[in-house]
Amino acid sequence: MSLLVETRDLHKRFGGIHAVRGVNLRVQRGEVLGFLGPNGAGKTTTMRMITGFLEPTDGSAWVDGVNVALDPLRAKSRMGYLPEGAPCYPDMRVEEFLSFIARARGYRGTELKARVERAIMSVNLTLVRRQTFETLSKGYRRRTGIAQSLLHDPPVLILDEPTDGLDPNQKFEVRSLIRQLGKDRAIILSTHLLEEVEAVCTRAVIINRGTVVFDGTPAEMDAKAPASIKVNRLDHVFRELTTGDVPGGKP
Ligand code: ATP
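Each chain has its residues counted from 1, running along the sequence as written. Thresholds applied to this predicted model are a pLDDT of at least 70 for local features of residues and 80 or more for the giving and counting of side-chain atom pairs; totals over whole chains, interfaces and linings are not thresholded and use all residues. Hydrogens are left out, water is left out, and the side-chain values use all remaining heavy atoms of the structure.

*Asks:* Would you mind showing me how to read the overall build of the protein here?
*Replies:* Numbering goes from the N terminus for both helices and strands, where a helix is a DSSP run of H or I of at least four residues and a strand is a run of E of at least two. Across its full length, the protein holds nine helices and ten strands. Against the globule reference of 18 Å for 251 residues, the protein gives a C-alpha radius of gyration of 19 Å, in line with a compact fold. Taken over the C-alpha atoms alone, the protein extends approximately 65 × 40 × 35 Å along its principal axes. The contacts of the protein with a sequence gap of at least 6 include a subset with a gap of at least 24, amounting to 65%. As displayed, the protein has an accessible area near 12200 Å², and 50% of this comes from carbon and sulfur atoms. A residue counts as positive if it is Lys or Arg and as negative if it is Asp or Glu; His and the chain ends are not included. Positions of charges follow a simple convention, taking NZ of Lys, CZ of Arg, CG of Asp or CD of Glu. Across the protein, the mean location of the 36 positive side-chain charges is 2 Å away from that of the 30 negative side-chain charges. Atoms counted for the radius of gyration: C-alpha only. Globule rule: 2.2 Å times residue count to the power 0.38. Two residues qualify as a contact provided that any one of their heavy atoms is within 4.5 Å of a heavy atom in the partner residue. Accessible surface is estimated by sampling points in the Shrake-Rupley manner with a 1.4 Å probe; for residues, cover comes only from the protein chains shown.

What follows is the structure, encoded as structure tokens:
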């Protein structure tokens, strides 16, 4: 295994808000890390610091051995980022958008064309490649967002709520894609869906009020629930770790 993402004592303050308080993460190739936490826990802020879109107040983020703050361009060449909501230009066609991003990544000519084709094939966008973004279903928008994050074939993917708002079939498809992509990459995905952790993640990290309160496998998370809890076991553990208020507990 090789270490592809590392954060060392990462902090972020926004004025009086201490949003991220000493987060240490280590993600190896082959791991799909589910990043969980209640609203406002610090997930997006942490991911933005890893991707170099936000400067840490303290601490450092490393991607494939590159310090993100010191060498942001080299770090960005080693990761793909799907921002929350998979934003895109509404009147651009899928292949136009991917060509635009490939150009911004520095590719030209046959290399650019080959990369766009590969991205279209790898996330199954062939049917909609000439459609404009605004006419796509949410599932295809998300796929287009994932395709742009793969254009430069990075070893690290950072995906902010990749299945948010998708119907069950679309969720299934995007999760299968993430599982497949995760085999030879390191992936961090944020989610509010505990079933997503069981479905795609090899590891779960729970953050609450800017601090990591759990780091382990989904099975280890499940094992923290008492045997008396038969259903919604991950819900139980999540709630206990983030609010201290336990569903299904004694009244
Ligand atoms: P959600 O699940 O709702 O997306 P999150 O875990 O991603 O939440 P963040 O978006 O990282 O949480 O926010 C963490 C804290 O930092 C919140 O209190 C938020 O209001 C604050 N925050 C985030 N960005 C800024 C900003 N640009 N300026 C001021 N405060 C911010």
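*Asks:* Looking at this structure, I do not really get the nonpolar core. What am I missing?
*Replies:* Within soluble globular proteins, side chains that are nonpolar generally end up buried alongside one another. We call a set of buried Ala, Val, Leu, Ile, Met, Phe, Trp, Tyr and Cys residues a nonpolar core when their side-chain atoms join them within 4.5 Å. Residue exposure (1.4 Å probe, protein chains only): buried if accessible area is under 20% of the type maximum, exposed if over 50%, otherwise partly exposed. Counting residues in each nonpolar core, the largest one holds 45 residues, and the members touching the most others are Leu36, Leu98, Leu125, Ile146 and Met221. Of all the elements, helix α3 (residues 94-104) adds the most residues to this core, at five residues. Composition of this core by domain shows at least three residues from each of domain 1 (1-78 + 156-246) and domain 2 (86-153). Of all hydrophobic cores here, the second largest spans 27 residues; its members include Leu10, Ala41, Val63 and Val156. The domain limits used here are those given by an automatic or database domain assignment.

*Asks:* Sorry if this is basic, but what is going on with the site of the ligand here?
*Replies:* Working definition: residue near molecule or strand if any one of its non-hydrogen atoms lies within 4 Å of it. Taken together, 13 residues lie around the ligand, and Asn39, Gly40, Lys43, Thr44 and Thr45 are the ones closest in. N or O atoms within 3.5 Å of each other form a polar contact, as long as, within protein, one can give a hydrogen and the other can take it, and as long as residues adjacent in sequence are counted only when both atoms are side-chain atoms. Note that an oxygen atom of the ligand is positioned 2.8 Å from one of the side-chain N or O atoms of Lys43. His192 is positioned with one of its side-chain polar atoms (N or O) 2.9 Å from an oxygen atom of the ligand. Surface burial for the ligand is 63%, taken as the share of its 630 Å² of free accessible area covered by protein chains. In terms of residue count, helix α1 (residues 43-51) provides more of the shell around the ligand than any other element does, three residues in total.

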